[in-house]
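Listed below, chain by chain, are the residues.
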Amino acid sequence: MMFLLLIIVIVLSFSLPLVHSQCNKSPVIFNFGDSNSDTGGFAVGLGYNFGPPYGRKYFHQPTGRLCDGRLIIDFLCESLHTAYLTPYFESVRPNFTNGANFAISGSSALPGLIPFSLNVQVLQFLRFRARSLELL
């Protein structure tokens, strides 16, 4: 029975026309996570200054990231034709027009002794959203 249902779903998915969006607005991305998607929040949040070799492969200068190139979130932004996400803690020329990155290296999903665990990132997002709505 499940096999028959799977066949029906596959046949219907190929027979339906592709849907194209008429939306002309740029997407807004909010990212939560750890070092896999930290675009500089760890360095900014704790006041660290990471020099070379960080950033040398793609950006050709230090970026505050704990890697020397782009991250998966960067490729996602490129595929959506938006700018790279600015870390939430960035206070010098922040650009939050396409979203914000709340990811911090070393964070965890469970609350504990980690200062930037997922629950803290969610609280930061809620504060960011509330403050953004005040500006409208």
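Attention in this report is confined to the structure presented alongside it. (Residues numbered from 1 in each chain as written. Predicted model: local features only at pLDDT ≥ 70, side-chain atom pairs only at ≥ 80, totals over all residues. Heavy atoms only, no water.)

**Focus on the overall build of the chain**
A count of helices and strands for the chain gives four helices and two strands. The order of α-helices and β-strands along the chain, N terminus first, is α-β-α-α-β-α. Buried residues in the chain amount to 29% of all 136 residues. Contacts in the chain between residues at least 24 apart in sequence constitute 53% of all its contacts with a sequence separation of at least 6. Here the chain displays about 9,700 Å² of accessible surface, and carbon together with sulfur accounts for 65% of that area. (Helix = DSSP H or I, 4+ residues; strand = E, 2+ residues; numbered from the N terminus. Buried < 20%, exposed > 50% of the residue type's maximum accessible area, 1.4 Å probe, protein only. Contact = heavy atoms within 4.5 Å. Areas by Shrake-Rupley, 256 points an atom, 1.4 Å probe, with all protein chains shown as cover.)

**Regarding helix α4 (residues 118–134)**
Taking 1.5 Å of rise per residue, 17 residues should cover 24 Å, and α4 covers 24 Å from first to last C-alpha, within 8% of that figure. All of the buried residues along α4 are Gln121, Gln124, Phe125 and Phe128. Seen along its axis, α4 keeps its buried residues to an arc of 100 degrees; they face one direction. Turned more than 90 degrees from where α4 packs its buried face, Leu123, Arg127, Leu133 and Glu134 sit exposed. Those residues of α4 that are buried lie in contact with β1 (29–31) and β2 (99–101). (Expected span 1.5 Å × (residues − 1). Arc of directions from axis to C-beta.)

**Considering unusual backbone geometry**
Phi is positive for histidine 81, which is not a glycine, with a value near 60 degrees. With respect to the helices and strands, histidine 81 occurs in the loop between α3 (72–79) and β2. Even without being glycine, arginine 93 reaches a positive phi, approximately 50 degrees. Positionally, arginine 93 belongs in the loop between α3 and β2. Overall, the relative accessible area of 76% leaves arginine 93 in the exposed class.

**Notes on the pattern of salt bridges**
One pass over the full model with this rule turns up three salt bridges. A salt bridge links aspartate 74 to arginine 65, with the shortest nitrogen-to-oxygen separation between them at 2.5 Å. Across the pair, arginine 65 and aspartate 74 agree in class, each one buried. (Salt bridge = Lys/Arg side-chain N within 4 Å of Asp/Glu carboxyl O.)

**Topic: the side chain of serine 107**
Here serine 107 shows up in the loop between β2 and α4. For serine 107, a relative accessible area of 13% corresponds to the buried category. Within the structure, serine 107 has its side chain in polar contact with the backbone oxygen of glycine 33 (distance 2.7 Å). (Polar contact = N/O pair within 3.5 Å; in protein donor to acceptor, adjacent residues only side chain to side chain.)

**So, the nonpolar core**
Among the nonpolar cores identified, the biggest contains six residues, and these are Ile29, Cys67, Leu71, Ile73, Cys77 and Leu85. Not counting chain neighbours up to four residues away, the residues in contact with isoleucine 29 comprise Ile73, Leu76, Cys77, Leu80, Thr82, Leu85, Asn98, Gly99 and Ala100. (Core = buried A, V, L, I, M, F, W, Y, C linked by side-chain atoms within 4.5 Å.)

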